[in-house]
Amino acid sequence: MGETCSYVFVISQRGVPLCPKLSERSQAIGEELSTGKYDLVSLQEVVTDDMYRKLVSLVSHVLPYHHYFYSGFGGSGVCVFSKHLITDVCQHQFTLNGLPQDIRKVELDWFGGKLVGLCRIQYSGTEINFYATHTHAAHTVTASEQSVYEAHRVSQAFEISQFIRFTGRSADLNILTGDLNFQPRELGLKIIQSDSGMEDAWLTAEHKKADDSGVTSRHPENNFTTPGDLERIDYILYKGSAGCRVKCVHCETTMHKVPGKPFNYSDHVGVLANLELEKVSEPNNAPSNPPDLSARDASLRQAVQVLEEKMVSAASSRLFYAAVLLLCLLLVIPITRLPLHHVVTSLINLLLGLLIGWSFWMGVVVLETEKRGLLATKAGMEVILNASGKKYN
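So, how was this worked out
Residues numbered from 1 in each chain as written. Predicted model: local features only at pLDDT ≥ 70, side-chain atom pairs only at ≥ 80, totals over all residues. Heavy atoms only, no water. Core = buried A, V, L, I, M, F, W, Y, C linked by side-chain atoms within 4.5 Å. Buried < 20%, exposed > 50% of the residue type's maximum accessible area, 1.4 Å probe, protein only. Helix = DSSP H or I, 4+ residues; strand = E, 2+ residues; numbered from the N terminus. Contact = heavy atoms within 4.5 Å. Patch = residues over 30% accessible without salt bridge, like charges linked within 9 Å, V, L, I, M, F, W, Y side chains within 5 Å. Areas by Shrake-Rupley, 256 points an atom, 1.4 Å probe, with all protein chains shown as cover. Salt bridge = Lys/Arg side-chain N within 4 Å of Asp/Glu carboxyl O. Pairing = 2+ DSSP bridges. Axes fitted to C-alpha atoms, helices over the stretch in contact; angles between N-to-C directions. Parallel < 35°, antiparallel > 145°, perpendicular 65-115°, else oblique. Left-handed = near helix turned anticlockwise from the far one by under 90°. Expected span 1.5 Å × (residues − 1). Phe/Tyr/Trp six-rings, centres within 6.5 Å; stacked < 30°, edge-to-face > 60°. Lys NZ or Arg CZ within 6 Å of the ring centre and 35° of its normal.

**Some details on the nonpolar core**
- If you look at the biggest cluster of nonpolar residues, it comprises 32 residues, and the most contacted ones within it are Leu 176, Leu 180, Ile 191 and Leu 237.
- Among the elements of the structure, strand E6 (115-123), helix H4 (150-167), helix H5 (187-196), strand E10 (234-239), helix H7 (293-337) and helix H8 (342-392) are those that each provide at least two residues to this core.
- Aside from chain neighbours lying at most four places away, what touches Leu 237 is Asn 174, Ile 175, Leu 176, Leu 180, Leu 189, Ile 192, Gln 193, Met 198, Glu 199 and Asp 200.
- In this structure, Val 8, Val 80, Cys 119 and Ile 128 belong to the second largest nonpolar core, which totals 29 residues.

Shown next, in the form of C-alpha cells:
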C-alpha cells in the first residue's frame, strides 16, 4: 500500500563561470529560479560571495532555504536552493583535485577545493538527501582522448559514491546533481552508479521532448562554449528506498538562451527532472535498486589500474623536481664567483631561490600528497574488491 504521490522538481545548472556578461547572466539565472517552478536547485559555478548573495536575494521568496559549500582558496562554487527546510548539511572535499602548477586551466580545480556537498531536506514528510558536486574536468578536446587527470577523476567518482553510500542509508530518497564531467559509459560515471545504485533521470524518464538530445555541453550555438564533441556531462541521478518509491516522470535540458538576450545563461545548459514520490506504508526489507556488484567490481578493477599507472608517472615527476632542485643548489655557489654586476648576481640568486622553493614544494609536498591520495583511493577500492571476492567464495 502507498500514500498519495508527491512531485519534486529538481534542476541542476552549472551557474555562471568567469567570462563576459557575468552580472547580466547571474541576474538572468536568479530571475529564472525565482519563477517558483522548482523545488530543489543546485548550482556549480557560483564563483563569488557577491554572486551567491545576489542569487539569494532574487530567489528567497520562492526558495527560502539555501546553503553554499565553502572550500579551498577560490571556493567550490557549489550551492543549493530549496523550497523546503534544510535540516542538516555535510561536505567532503576531494582528496585529489588536480595540481597547482596547471594554472593555465581556467577551472583552477586545485585552488577551488572541489567537493561533494549534502543538504538533508524535509519534503512533505519525506527525508531527501540532496547531493551537489562538480568534479575535475577532463581538459580534452575530443571524447576519445585520455585525460592526464583520469586518476584524479576516478578517485573523485569513488569518493562521491562512498560518501553517498555512507550518508544516504537512512534517507527516503537520495538525489545527486551536478557537473560530473563524465560522459555516459565513462569509467567515473560507471563507478558512481554501480557503487551507489543510482539511476540516471535522463535515461529513465517516462517523457522527454522529441527534439531534446540531452546534450549539456559544447552546443555550437552557445556563446561561451569551446569547440569539440557534444557532451552530456551534467546529471540528475536518484535512488529511492524500501519506504519510498520514486520514478522520473519527465526530464529535459533547460536554460539555454536567456530570453530576449543574445547570450546564454552559461556555457552548459541545465538539467530539469520531475520526480514522482510515493511513500510505502508497509515497506519490505528489500533494498531499492541494489548496486550491480559485478559491474562495480569490474569498474573498480579498471580504476585500480588507472591509479597504478598514475603513481608510476608521478614518481617520474618527483625525479624531475629533485633534479631541478639539485641543479639549482649546485649553481648557487659558482654564480656568486662570476664577475657579474651585483644586481645581476642578486637577480640570478633570487631566481634560483624561487626555483629551489618551487621544486621542493612540488616534489616533496604536492606530489607526495598526491601519492598518498592515490594510495588511499587504491586501498579503499582494494578493500571492497577483497570483501566482494570473499562473499562470492
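**Quick word on a nonpolar patch on the surface**
- A cluster of nonpolar residues, Val 343, Leu 347, Leu 350 and Leu 354, forms a patch on the protein surface that exposes about 400 Å² of accessible area.
- Position of Leu 354 relative to the elements: it lies in helix H8.

**Thoughts on unusual backbone geometry**
- In this structure, Arg 185 takes a positive phi of about 80° despite not being glycine.
- Within the secondary structure, Arg 185 sits in the loop between strand E8 (173-179) and H5.
- The residue Met 255 is not glycine, and still its phi comes out positive at about 60°.
- Looking at the element boundaries, Met 255 is found in the loop between strand E11 (244-254) and strand E12 (270-279).

**Digging into the sheet that holds strand E9 (residues 199-200)**
- Here 6 strands make up an open sheet; going across it, the order is E5-E6-E7-E8-E10-E9 and the pairing mixed. Both outer strands of the open sheet, strand E5 (86-93) and E9, are each paired with one neighbouring strand and no more.
- Inspection of the sheet shows E5 paired to E6 by 7 bridges, in the antiparallel sense. Residue Cys 90 lies in a different strand from E6, and its bridge partner there is Leu 118.

**Considering the pattern of salt bridges**
- Following the criterion strictly, the structure yields 18 salt bridges and no others.
- A salt bridge links Arg 232 to Asp 200; the shortest N-O distance between them is 2.8 Å. Linking Arg 232 in the loop between helix H6 (201-204) and E10 with Asp 200 in strand E9, this pair joins segments that are 32 residues apart in sequence. The pair formed by Arg 232 and Asp 200 is uniform in burial state, with each residue classed as buried.
- Between Lys 378 and Glu 382 there is a salt bridge whose closest N-O contact spans 2.8 Å. Separated by 4 residues within a single helix, Lys 378 and Glu 382 lie in helix H8, roughly one turn from each other.
- Residue class for Lys 378 comes out buried when judged on its relative accessible area of 15%.

**Re the pairing of E12**
- With 9 of 10 residues buried, E12 is to be regarded as a mostly interior element.
- As judged from the 10 bridges shared by E11 and E12, these two strands associate in the antiparallel manner. Considered in E12, the bridge of His 250 is made with Asn 274.

**Considerations on the packing of helix H1 (residues 22-33) against helix H2 (residues 49-59)**
- Between H1 and H2, whose axes approach to 8 Å, the crossing angle comes to 30°. As judged from the angle between their axes, H1 and H2 are roughly parallel. Relative to H2, the crossing made by H1 is right-handed. From H1, Leu 22, Ser 23, Ser 26, Gln 27, Ile 29, Gly 30, Glu 31 and Leu 33 reach across to H2, where they touch Met 51, Lys 54, Leu 55, Leu 58 and Val 59.

**Structural notes on H4**
- Between its first and last C-alpha, H4 extends 26 Å over 18 residues, near the 26 Å set by a 1.5 Å rise per residue.
- In terms of burial, H4 is largely enclosed, as 16 of its 18 residues are buried.

**Re the packing of aromatic side chains**
- Evaluated as defined, the whole model comprises 6 aromatic pairs.
- Ring-pair connections join several aromatic residues into one group, and the members of that group are Tyr 52, Tyr 68, Tyr 70 and Phe 81.
- Arg 25 extends its terminal NZ or CZ atom over the ring of Phe 224, reaching a point 4.2 Å from the ring centre.

**Quick look at the packing of H4 against H5**
- Running from N to C, H4 and H5 cross one another at 15°; their axes reach a closest spacing of 8 Å. As judged from the angle between their axes, H4 and H5 are roughly parallel. Like other packed secondary-structure pairs, H4 and H5 cross with a definite hand, here right-handed. Residue-level inspection shows Glu 150, Val 154, Ala 157, Phe 158, Ile 160, Ser 161, Gln 162, Ile 164 and Arg 165 of H4 in contact with H5, the latter providing Leu 187, Gly 188, Ile 191, Ile 192, Asp 195 and Ser 196.

Geometry only, nothing functional implied.
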